[in-house]
Amino acid sequence: MSTRIAESELILNSRGAVYHLDVRPEELAPVVITVGDPDRVANVSKHFDKLEHTFQHREFVTHTGYLGKKRISVVSTGIGTDNIDIVLNELDALVNIDFHSRTIKPTLTSLQIIRLGTAGALQEHIAVDSFVVSSHGLGLDNLLPYYQFENTPAEKQLLQAIREQVVLQPGSVHPYLIAAGEIKQHFTEGFHTGITVTCPGFYGPQGRVLRGALSHPHLIEHLTAFKQGDHYFSNFEMETSGIYGMGRILGHQCLSISAIVANRVRQEFSKDGAAAVEQLITKALGIIAGI
Ligand code: R1P
Ligand code: URA
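Note on numbering: residues in each chain are counted from 1, in written sequence order. As a convention, the first chain written is A and the first ligand written is 1, with the rest following in written order. Residue-level local features of this predicted model are given only where pLDDT is at least 70; pairs of side-chain atoms are given and counted only at 80 or more, and the full residue set underlies all totals for whole chains, interfaces and linings. Just so you know, side-chain values use all the structure's heavy atoms and leave hydrogens and water out.

Taking an unreviewed UniProt entry as the reference, the protein chain is identified by name as Uridine phosphorylase belonging to Chitinophaga defluvii. Quoted verbatim from the Catalytic activity (unreviewed entry) field of UniProt, the annotation for the protein chain is "uridine + phosphate = alpha-D-ribose 1-phosphate + uracil". UniProt positions are given in the numbering used here, feature names are shortened, and annotations may be inferred rather than shown by experiment.

*Asks:* So what's going on with the site of ligand 2? Which residues, and what values?
*Replies:* Nearness here has a simple test: a residue counts as near a molecule or strand if at least one of its heavy atoms is within 4 Å of that partner. In the vicinity of ligand 2, the contacting residues are T118, A119, G120, F202, Q206, R208, F236, E237, M238, V261 and A262. Here a polar contact is recorded for every N or O atom pair within 3.5 Å, except that within protein the pair must consist of a potential hydrogen donor and a potential acceptor, and residues adjacent in sequence are included only if both atoms are side-chain atoms. The side chain of Q206 places a nitrogen or oxygen atom 2.8 Å from a nitrogen atom of ligand 2. Contacts to ligand 2 include R208, whose side-chain N or O atom sits 2.6 Å from an oxygen atom. Every accessible area reported is derived by Shrake-Rupley at a probe size of 1.4 Å, with residue values counting cover from the shown protein chains alone. Burial of ligand 2 by the surrounding chains reaches 93%, relative to a free accessible area of 240 Å².

*Asks:* Describe in detail helix α5 (residues 240-250), supporting the description with residues and values.
*Replies:* Within α5, eight of the eleven residues are buried, leaving the element largely enclosed by the surrounding structure. For helices the rule is a DSSP run of H or I covering at least 4 residues; for strands it is a run of E covering at least 2, with both sets numbered from the N terminus onward. Downstream of α5 by a residue or two, G251 has a phi angle that is positive, lying close to 85°. The cut-offs for exposure are 20% and 50% of the maximum accessible area for each residue type, with area from a 1.4 Å probe on protein chains only; residues under the lower value are buried, those over the upper are exposed, and the others partly exposed.

*Asks:* How would you explain the pattern of salt bridges if you had to name every residue and give the values?
*Replies:* Put simply, a salt bridge is a Lys or Arg side-chain nitrogen that is within 4 Å of an Asp or Glu carboxyl oxygen. For the structure shown, the criterion picks out twelve salt bridges. Between E7 and R102 there is a salt bridge, with its nearest N and O atoms 3.7 Å apart. Taken as a pair, E7 in the segment before β1 (31-35) and R102 in the loop between β5 (97-98) and β6 (103-104) lie far apart in primary sequence, 95 residues in all. Judged by its relative accessible area of 45%, E7 falls in the partly exposed class. On the accessibility criterion, R102 (7% relative accessible area) is buried. Notably, a salt bridge pairs R24 with E27, separated by 3.1 Å at the nearest N-O pair. When its relative accessible area of 27% is taken as the criterion, R24 is described as partly exposed. Among the ionic contacts, a cluster of salt bridges with common partners joins R15, D22, R24, E26 and E27.

What follows is the structure in structure tokens.
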């Protein structure tokens, strides 16, 4: 029997639901689609054949229902890997902790967690309104250093090549790299595949200059130029490394897919990002229904 987890560590509300998500174990499906924007949750669940549950607490909106025979939950994470720490831990608690005894279940469940988000392309050939599957998340955020995790030999080798070829300033950044889960194999046709760079901000950390001068003005050029075998940097966003990292730590199958709304090399922005996201949702749900 594992140790009882205290009320201050696993916080449950008066509904017996997990603190931030306000979801109870029976209200979560084994397939979870995460989206950044709370309004995007309904844009996914409108495709469901049956909607069972809807919840909202802060920026965390959850809809659970059925697409054909497949039970799916859609959860909004808001922006950033700090929120991913909350969402992934609470999703895991919902399936792997017994809320009555407050102990870890003897048999663990692995969720399929698929992010449908937006991103900015780091390569000229990745056009706005196209889709990118993240082969890896390169974390320039600071979430994973708070946990113990294992890298595979292939990840170690790739991270070493990145450290040698790309100057990742400021010096306080401790980049980490985690590969996608096996569900990636289902998402090939019609998707670019590359390493996604997860940043702790949208402006300076992604090389955007409005008024604040940057400590690393050549970040985009360095990332765009990187190449190691078939590996290259495809896009910037703000959650993938956290999702892949927490998935590795907690034993869930994770994949991040992005609709490209900006091309940072061509300096273009999508004329209709909402339409691109809708197309991504439709395409991804078609694949998920058949997995
Ligand atoms: C920034 O505008 C947000 O867009 C991207 C980034 O990861 C960040 O969350 O994803 P979403 O559109 O899924 O929120
Ligand atoms: N989301 C990001 O984080 N960056 C972009 O450029 C576009 C969407």
